[in-house]
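Structural characterization, general
What follows is each chain in one-letter form.
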Amino acid sequence: GEEEGEEKEEEAVGSCQSEPPAKRVRSEDGESQEDGGAEEKEPVERKRARGQNKSRPCMKPNHYEQSRLCPSVTPLGWDRSPCAYKCYFGPRCRFLHDISQYMATKPADLGLRCVLFETFGKCVYGVTCRFAQAHLGDGYQNVINTNLAKQWEGKSLVRNNLSKDLQHQLRKRKFSFKKADEYLRALAKPHGEGGKGGKATGSSPEEKGVSNCTAPQEDLGDGLKCPEQREDPKADALQSSSSTGSEEASPTKTAGPVTDEDVIKLRPCEKRKLEIQGKLYLAPLTTCGNLPFRRICKRFGADVTCGEMAVCTNLLQGQSSEWALLKRHHTEDLFGVQLEGAFPDTMTKCAELLNQTIEVDFVDINVGCPIDLVYKKGGGCALMTRSNKFEQIVRGMNSVLDVPLTVKIRTGVQEKINVAPKIIPKIREWGAAMVTLHGRSREQRYTRGADWDYIAECAKIASPMPLFGNGDILSYEDAERALGTGVSGIMIARQVCVGALIKPWLFTEIKEQRHWDISSSERFDILRDFTNYGLEHWGSDTQGVEKTRKFLLEWLSFLCRYIPVGLLEHLPQKINERPPYYLGRDYLETLMASQNVEDWIKISELLLGPVPTNFTFLPKHKANSYR
């Protein structure tokens, strides 16, 4: 009798067309497993899923495209930039050279419209484009809309690209780090009790002063220095060394007026100011904070955007994948990059490198990353406990940058030991233009609510330096409450405890002071725009399509946490709430609420066509909602 009842229930659920089948199967499996476990043996306590899914499967291009055209035939090279060169491997080349043979084995096109051809008048991916039928003529010739293509001619849509010449200089270690080397030489000279390595002694710069200053400075008693000198203790040493270097170098013949920017160092008061008080700041989001996603947030009202966290050592080595994190779309009018590192030499050199090669409005130091991989190497949150290195990094980067330097920190490392009030005045004294404070410690990660009362206290201590608050912003009411604490502005979204990843239209809600009951079709249009931006950025060939799919799925792992306003009993939704299974107001809304990877893949197939054979996807972050 019990078995027949269960079969009837399954048939009744199966007849319900408003719930995705994969979600239904998953919930039934969970119930049956719990029932079976109760009969056979005592239920085993389920371990809470936290942190990252490490050793995730990596889908490389040859996994989903066996027959690939040789770069000498395709319009794009290995770096995805236009190229035209011959193949030096001859008959030993493992790629195809016959376009007809490639077209015979190429997977079917995914649609009739190519977003690149419709937007720019031409598709640089030619026959490899997965929407090639929109722009291929007779003999596989690439059709070009001349009038539309002329409108975009000479325009730079994405800046901060890594050139081949710069990559070669970095790999051969031929790039000149003149300012950084001068600062590091001054830092390495022993002075007083500093000892080897320029380690600062004393509990604070006010008590002992900053060590290793080679140039004589006037003391104001007990080792205290005047405020202008305290801002940059290495200024005299750097200026003297740069002036001697310029005397030794042979004078360059110039025609017309010249400036002295390369000889005379900018004073802190002459640097460009970072005027973003009261603006909405989209935080740097690892993996999900890519350029297409930032374009979505920019469209919904984000004022300030920042690239994903980049590791300074990888940038100094010229790694293309790391430099891709620095790319800036032309619509990002206030844009910064975030660097992670543990030592003053690499961080200072990286700051000088970026100062000379890319266009940014500010540079941010990540002193809030709680990940073990970063923390155990002395970076991220660990810098809060390494005050000497932290000081050398901030002062060194500030001395070589022409743009403002900002710092992002947490309340501390341990849960009950908050050190931010002690560090913030020092950061201001070291020369940082702004501090962003995440209201949790490293031990707390994202499991508890952000402490905005504590952030308010730190904002008073930081004055007159601007302090932005960060944590648990998911509605305009949360934003109002946060701005009422006295902070200069708010940073929205950060890794696991996210606001913008769950609802990127949050910026619109804050500016218009309302709750937006957005429909499933409107949300689907946002996903369609993301895929179009992804195809523009990563490419419309198989490799670009699958990369776009990967980042779309990563984003969907957060989007599924959104609860439609029309279904909420109490407004607003809290950021740490995990809703039970529920039916949406239509099939698509129910599908978007599913926390099953198979349903996310279904959504991606609605936008990017069927997944390749043997396709696998494991989200970067674990959660209690899936196993």
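Here the structure is shown first, and the text comes after it.
What comes next is a walk through the structure. Starting afresh in each chain, residues are numbered from 1 along the sequence in its written order. In keeping with the predicted nature of the model, local features appear solely for residues at pLDDT of at least 70, side-chain atom pairs appear and are counted solely at 80 or more, and the whole-chain, interface and lining totals rest on all residues. Just so you know, side-chain values use all the structure's heavy atoms and leave hydrogens and water out.

Let's shift gears to the side chain of Arg442. Numbered from the N terminus, helices here are DSSP runs of H or I no shorter than four residues, and strands are runs of E no shorter than two. On the secondary structure map, Arg442 appears in the loop between strand S8 (434-438) and helix H19 (452-462). Here a polar contact means two N or O atoms within 3.5 Å. Within protein one must be a hydrogen donor candidate and the other an acceptor candidate, and residues neighboring in sequence count only if both atoms are side-chain atoms. In this structure the side chain of Arg442 is engaged in a polar contact, spanning 3.1 Å, whose partner is the backbone oxygen of Pro370. There is a polar contact of 2.5 Å between the side chain of Arg442 and the side chain of Asp372. Any two residues whose heavy atoms approach within 4.5 Å are treated as being in contact. Contacts of Arg442, omitting those with residues within four sequence positions, involve Pro370, Ile371, Asp372, Tyr375, Cys381, Arg410, Gly412 and Val413.

Quick look at the packing of helix H12 (residues 291-299) against helix H22 (residues 520-538) now. Here an axis means a line fitted to C-alpha atoms, over the contact stretch when the element is a helix, while the angle between two N-to-C directions is reported on a 0 to 180 degree scale. Running from N to C, H12 and H22 point in directions that differ by 135°, and their axes come no closer than 8 Å. Viewed along their axes, H12 and H22 adopt a mutual orientation that is oblique. Considering the relative orientation of H12 and H22, their crossing is right-handed. Contacts between H12 and H22 involve Leu291, Pro292, Phe293, Arg295, Ile296 and Arg299 on the former and, on the latter, Ile526, Asp529, Phe530, Tyr533, Gly534, Glu536, His537 and Trp538. Here the term charged refers only to Asp, Glu, Lys and Arg, the term nonpolar to Ala, Val, Leu, Ile, Met, Phe, Trp, Tyr, Cys and Pro, and the term polar to all other amino acids, Gly among them. Grouping the constituent residues of the contact of H12 with H22 by class yields eight nonpolar, two polar and four charged. By the definition adopted for this analysis, an angle is roughly parallel if under 35 degrees, roughly antiparallel if over 145, roughly perpendicular if from 65 to 115, and oblique otherwise. Left-handed is the label given to a crossing in which the near helix is rotated counterclockwise from the far helix by less than a right angle, and right-handed is the label when the rotation is clockwise.

Mapped onto the secondary structure, Gly484 falls in the loop between helix H20 (476-483) and strand S10 (489-492). Burial here depends on accessible area, computed with a 1.4 Å probe over protein chains only, as a share of the maximum for the residue type. Under 20% is buried, over 50% is exposed, and the range in between is partly exposed. Of the residues examined, Gly484 reaches a relative accessible area of 65% and is grouped as exposed. Along the backbone, Gly484 and Ala456 are 28 residues apart, and their C-alpha atoms lie at a distance of 8.8 Å.

The next subject is the pattern of salt bridges. Here, a salt bridge means any side-chain nitrogen of Lys or Arg that lies within 4 Å of a carboxyl oxygen of Asp or Glu. This model, assessed by the stated rule, comprises 18 salt bridges. Asp109 serves as the salt-bridge partner of Lys106, at 3.5 Å between the closest nitrogen and oxygen. Residue class for Asp109 comes out partly exposed when judged on its relative accessible area of 26%. Salt-bridge contacts for Glu391 lead to Arg395; the nearest nitrogen and oxygen are separated by 3.0 Å. Of this pair, Glu391 and Arg395 both sit in helix H17 (residues 387-400), four residues apart, roughly one helical turn. When salt bridges that share partners are traced, they join Asp517, Arg585 and Glu589 into one network.

For the rest of this paragraph, the subject is helix H7 (residues 164-171). What H7 keeps buried is the set Leu166, Gln167 and Leu170. Buried residues of H7, viewed axially, fall in a sector of 100°; they line one side. What points out from H7, more than 90 degrees from its buried face, is the exposed set Lys164 and Asp165. The elements touched by buried residues of H7 are helix H13 (312-316), helix H14 (320-323) and helix H15 (344-357). Just past H7, the residue Arg173 takes up positive phi, approximately 60°. The arc under discussion is defined with respect to the helix axis, by the directions toward the C-beta atoms.

Looking now at the pairing of strand S7 (residues 405-410). Within S7, six of the six residues are buried, which leaves it mostly tucked inside the rest of the structure. The side-chain alternation of S7 yields two buried faces, one formed by Leu405, Val407 and Ile409 and the other by Thr406, Lys408 and Arg410. Here strand S6 (residues 362-367) runs beside S7; their pairing, made up of five bridges, is parallel. Residue pairing for S7: Val367 is matched across the bridge by Ile409. Strands were regarded as paired on the criterion that DSSP finds at least two bridges between them. The pairing of S7 with S8 spans five bridges and is parallel. The residue of S8 that forms the bridge with Thr406 is Met434. Seen with its strands pointing away from the viewer, a crossover is right-handed if its path from the first strand over the helix to the second goes clockwise. In terms of handedness, the path from S7 via helix H18 (residues 420-430) over to S8 forms a crossover that is right-handed.

By themselves, these observations are geometric and do not establish any function.
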